[in-house]
Amino acid sequence: MAEQILKVNGVEICAESFGKPTDPAILLIMGAQMSMVWWEEEFCQRIADAGRFVIRFDNRDVGRSTTYEVGQPGYTFEDMADDAVHVLDAFGVQQAHIVGMSMGGMLTQIMALRHPERVHTISLHATSNFAPDLPPIDSKLMEYFSNMGEINWENEQEVLEVAVASSKVLIGSKHPFDEVRVRELAQIDIARSNHYASKNNHAFVTSGETYLMRTGEIAVPALVIHGTEDLLIPFAHALHLADTIPGADLLTLEGTGHELPHGEWDVVIEAILKHTQEKEQ
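Below is a summary of the structure that appears in this document. What you are looking at is a predicted structure, and each value in this text was computed from that prediction instead of being measured.

Helix and strand counts for the protein chain stand at nine helices and eight strands. Taking 2.2 N^0.38 as the reference for a compact globule, 281 residues should give roughly 19 Å; the C-alpha atoms of the protein chain span a radius of gyration of 17 Å, in line with that estimate. Projecting the C-alpha coordinates of the protein chain onto the three principal axes gives extents of approximately 50 × 40 × 35 Å. Buried positions account for 55% of the 281 residues belonging to the protein chain. When the accessible surface of the protein chain is summed, it comes to about 12,000 Å², and 52% of that surface belongs to carbon and sulfur atoms. Between the mean site of the 19 positive side-chain charges and the mean site of the 42 negative ones, the protein chain shows a separation of 4 Å.

As a further point, take the nonpolar core. The nonpolar side chains of a soluble globular protein tend to be buried, and buried together. Membership of the largest hydrophobic core comes to 47 residues, with the highest contact counts inside it found for Leu27, Val87, Met111 and Ile122. If sequence neighbours within four positions are ignored, Ile122 has contacts with Ile98, Thr108, Ala112, Ile218, Val220, Pro221, Ala222, Leu223 and His275.

Moving on, we get to the pairing of strand β5 (residues 96–101). With six of its six residues buried, β5 lies for the most part within the structure. Where burial is concerned, the two faces of β5 agree: the one with Ala96, Ile98 and Gly100 and the one with His97, Val99 and Met101 are both buried. Relative to β5, strand β3 (residues 25–29) runs parallel, the two being bridged by four bridges. Following the sheet pairing, Leu27 is matched in β5 by Ile98. The pairing of β5 with strand β6 (residues 119–125) spans six bridges and is parallel. Pairing of Ile98 across the sheet is with Ile122, part of β6. Note on the crossover from β5 through helix α3 (residues 103–114) to β6: the handedness is right-handed.

Moving on to the pairing of β3. The buried fraction of β3 amounts to five of the five residues, a majority that puts the element mostly inside the structure. Neither face of β3 is open: one carries Ala25, Leu27 and Ile29, the other Ile26 and Leu28, and all of them are buried. Pairing of β3 with strand β4 (residues 53–57) involves four bridges; the strand directions are parallel. Counterpart to Ile26 in the pairing with β4 is Val54. Remark: the β3/helix α1 (residues 41–49)/β4 crossover connection has right-handed handedness.

Another aspect to go through is unusual backbone geometry. The backbone of Asn9 sits at a positive phi, close to 55°, despite the residue not being glycine. Of note, Asn9 is situated in the loop between β1 (4–8) and β2 (11–18). Residue Asn9 is classed as partly exposed on the basis of its relative accessible area, which comes to 32%. Even without a glycine there, the phi angle at Ser207 is positive, about 75°. Mapped onto the secondary structure, Ser207 falls in the loop between α6 (179–191) and α7 (209–212).

Calculation notes
- Residues numbered from 1 in each chain as written.
- Predicted model: local features only at pLDDT ≥ 70, side-chain atom pairs only at ≥ 80, totals over all residues.
- Heavy atoms only, no water.
- Helix = DSSP H or I, 4+ residues; strand = E, 2+ residues; numbered from the N terminus.
- Rg over C-alpha atoms; globule rule 2.2 N^0.38 Å.
- Buried < 20%, exposed > 50% of the residue type's maximum accessible area, 1.4 Å probe, protein only.
- Areas by Shrake-Rupley, 256 points an atom, 1.4 Å probe, with all protein chains shown as cover.
- Lys, Arg positive; Asp, Glu negative; His and termini not counted.
- Charge placed at Lys NZ, Arg CZ, Asp CG, Glu CD.
- Core = buried A, V, L, I, M, F, W, Y, C linked by side-chain atoms within 4.5 Å.
- Contact = heavy atoms within 4.5 Å.
- Pairing = 2+ DSSP bridges.
- Right-handed = clockwise from strand over helix to strand, strands pointing away.

Purely geometric numbers; function is a separate question.
Dropping the structure here:
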């Protein structure tokens, strides 16, 4: 199905679906500053071909969804989790399997606690509940972003190069950096964005803590997926999530960073399909 603009929760959200609406639904929620195109079409279609109705969408401030003045997001993480529920409403889905990456995994946890009746299972990729005793972002990564300097957000070529370089620094050692693929996705991301610089608002979004403190109360089946070489959200966060959420399963991606490389698609897709199939029965 082609992209469509949904008027939900008082804003416009761009969404797209793959597969048959009669199949079990999987809602994909991407991470901070990333539009839905980073859930690649082939990835979505492979899951749909296995018998799932896959929905991906642009969070606020990325892609073709509503944007805000940079530095002044007019919403909270709870609002973003509610957006996801309204996307399900728009597609006529009463209950879905939710797959969230990074910030999308935070929203997935909030959704599972705030709207448990709408959530069948959750899969949490490269994310955390950010408990205070967990390790921070790796110092090498912090140094890299601290030394980036000012970016001219009106210069598309400069923005493209920054996007590619930022993706490269997040990868692990197992899979080579696919610069051609990342550059192509970044070009699509920039071209289809209402206001690309607004993606920076995700760093200013607040709230959500009252839910993330309660992840031990999540009562739906959970699958935690995480790379051992994630510098942004260290692997210890995954171990903590898997230990905190009752009955959670852990899929460890050895040598993988804060990424979803093509070389891990087979194992990740198989795990998501198995997780969602078992819970459908």
